[in-house]
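Now for the letters of each chain:
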Amino acid sequence: MNPEEVLREIERQVQVCKRCDLHYSRKHGVAGEGPVNAAIMFIGEGPGFHENEQGRPFVGAAGKFLDELLAQIGLKRSEVFIGNVVKCRPPGNRDPKPEELEACDIYLERQIQAINPKVIVTLGRYSMAKFLPHAKISAVHGRAMRVKDRLVVPMYHPAAALHQPSLRPVVERDFAQLPELIAKAEDAPEYQVEPLEEKSDPKQLTLF
Ligand code: URA
Ligand code: SF4
């Protein structure tokens, strides 16, 4: 299967997936969207109300802010991949549970392998925790780190900045640095596909 076919297959699979209890209340699974050759992958938490209704990621208030942040650095939504750590909406927008994150991780892993992005930007703590276990967002936001030969930049979730206005300029500054980080990522060592079950090891993190 070529990478494009992998993404299409995942889109079909999440619509009918029953790997965790989130399938009971979903209207639409939200696999994520963006070109298979995207250089940047943004990974949020999970679909909210509007995403569940429309089957598309980041289409509510946080999505509008994300669009603005992208526009500020000259990027269009259609140029990046936007996804989430869980593909079905947690009821009432509650936090995803560990077993839901674990069940859904196979889809995100396959998306990352298919897209092979230069940079993964994590939005919020659940997405950060996948790559940078034990990291504190207040300490590491906006800093590029190499995780198993992949560049990961943790950022505050856009929704957090909407609820907490003091975070807004912080998020804007972090986004403004992205083009430079992507340019530097050109020098990153070649990506090696990791076994699906392997989790990132905090000891392997090095500051970029
Ligand atoms: N928040 C997220 O984390 N993901 C979405 O898709 C929308 C809002
Ligand atoms: Fe499947 Fe993920 Fe939806 Fe759970 S959240 S039912 S694992 S697609």
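What counts as what
- All residue numbers here refer to positions counted from 1 along the written sequence of the relevant chain.
- As a convention, the first chain written is A and the first ligand written is 1, with the rest following in written order.
- Only residues with pLDDT of 70 or above have their local features reported here, since the model is predicted, and side-chain atom pairs are shown and tallied only from 80 upward, although totals for entire chains, interfaces and linings are computed over all residues.
- Side-chain descriptors were evaluated using all non-hydrogen atoms of the structure, hydrogens and water having been removed beforehand.
- For this description, a residue counts as near a given molecule or strand if any of its non-hydrogen atoms is within 4 Å of it.
- Pairing of N or O atoms within 3.5 Å defines a polar contact, subject to two protein rules: one partner must be a possible hydrogen donor and the other a possible acceptor, and residues neighboring in sequence count only if both atoms are side-chain atoms.
- In this description, accessible areas are obtained by the Shrake-Rupley approach with a 1.4 Å probe, and a residue is regarded as covered only by the protein chains that are shown.
- Polar here means any residue other than Ala, Val, Leu, Ile, Met, Phe, Trp, Tyr, Cys and Pro, which are nonpolar, and Asp, Glu, Lys and Arg, which are charged; Gly is therefore polar.
- Take a side-chain nitrogen of Lys or Arg and a carboxyl oxygen of Asp or Glu: if they are within 4 Å of each other, that pair is a salt bridge.
- Only DSSP runs of H or I with at least four residues qualify as helices, and only runs of E with at least two residues qualify as strands; both kinds are numbered from the N terminus onward.
- Accessible area is worked out with a 1.4 Å probe on protein chains only. A residue is then buried under 20% of its type maximum, exposed over 50%, and partly exposed in between.
- Only strands joined by at least two bridges in the DSSP assignment are considered to pair.
- Only the contacting stretch of a helix is used when fitting its axis, a line to C-alpha atoms as for every element, and angles between N-to-C directions run 0 to 180 degrees.
- By the definition adopted for this analysis, an angle is roughly parallel if under 35 degrees, roughly antiparallel if over 145, roughly perpendicular if from 65 to 115, and oblique otherwise.
- Less than a right angle of anticlockwise turn of the near helix away from the far helix marks a crossing as left-handed, whereas a clockwise turn marks it as right-handed.
- Only heavy atoms matter for contacts: two residues are in contact if any of them lie within 4.5 Å across the pair.

Remarks on the site of ligand 1
Contacts to ligand 1 come from Gly 44, Glu 45, Gly 46, Glu 51, Pro 57, Phe 58, Asn 84 and His 157. Note that a nitrogen atom of ligand 1 is positioned 2.7 Å from one of the side-chain N or O atoms of Asn 84. If ligand 1 stood free it would expose 230 Å²; the protein chains cover 91% of that surface. The residue inventory of the shell around ligand 1, partitioned by class, reads 2 nonpolar, 4 polar and 2 charged.

A few points about the pattern of salt bridges
All chains considered together, the criterion is met by 14 salt bridges. For Arg 8, the salt bridge identified is with Glu 4, shortest N-O distance 3.0 Å. Remark: Glu 4 and Arg 8 occur in helix α1 (residues 3-16); sequence separation between them is 4 residues, near one turn of the helix. Given the relative accessible area of 34%, Arg 8 is considered partly exposed.

Thoughts on the pairing of strand β1 (residues 40-44)
The element β1 is largely enclosed, with a buried count of 5 among its 5 residues. Alternating residues of β1 divide into Ile 40, Phe 42 and Gly 44 and Met 41 and Ile 43, and every residue in both groups is buried. In this sheet, strand β3 (residues 119-123) lies alongside β1 in parallel orientation, the contact comprising 4 bridges. Considered in β3, the bridge of Ile 43 is made with Thr 122.

Some thoughts on unusual backbone geometry
Look at Phe 58: it is not a glycine, yet its phi comes out positive at around 50°. By the secondary structure assignment, Phe 58 is in the loop between α2 (49-54) and α3 (61-72). You will see that Asn 93, though not glycine, has its phi angle at about 60°, which is positive. Along the chain, Asn 93 turns up in the loop between β2 (81-84) and α4 (98-115).

Details of the packing of α1 against α4
For the pair α1 and α4, interaxial distance at closest approach is 9 Å and the crossing angle is 160°. As the angle between them shows, α1 and α4 are arranged roughly antiparallel. Taken as a pair, α1 and α4 cross one another with a handedness that is left-handed. Between α1 and α4, the contacting residues are Pro 3, Val 6, Leu 7, Glu 9, Ile 10, Gln 13 and Val 14 on the first element and Tyr 107, Arg 110, Gln 111, Ala 114 and Ile 115 on the second. Among the residues forming the contact of α1 with α4, the class breakdown is 8 nonpolar, 2 polar and 2 charged.

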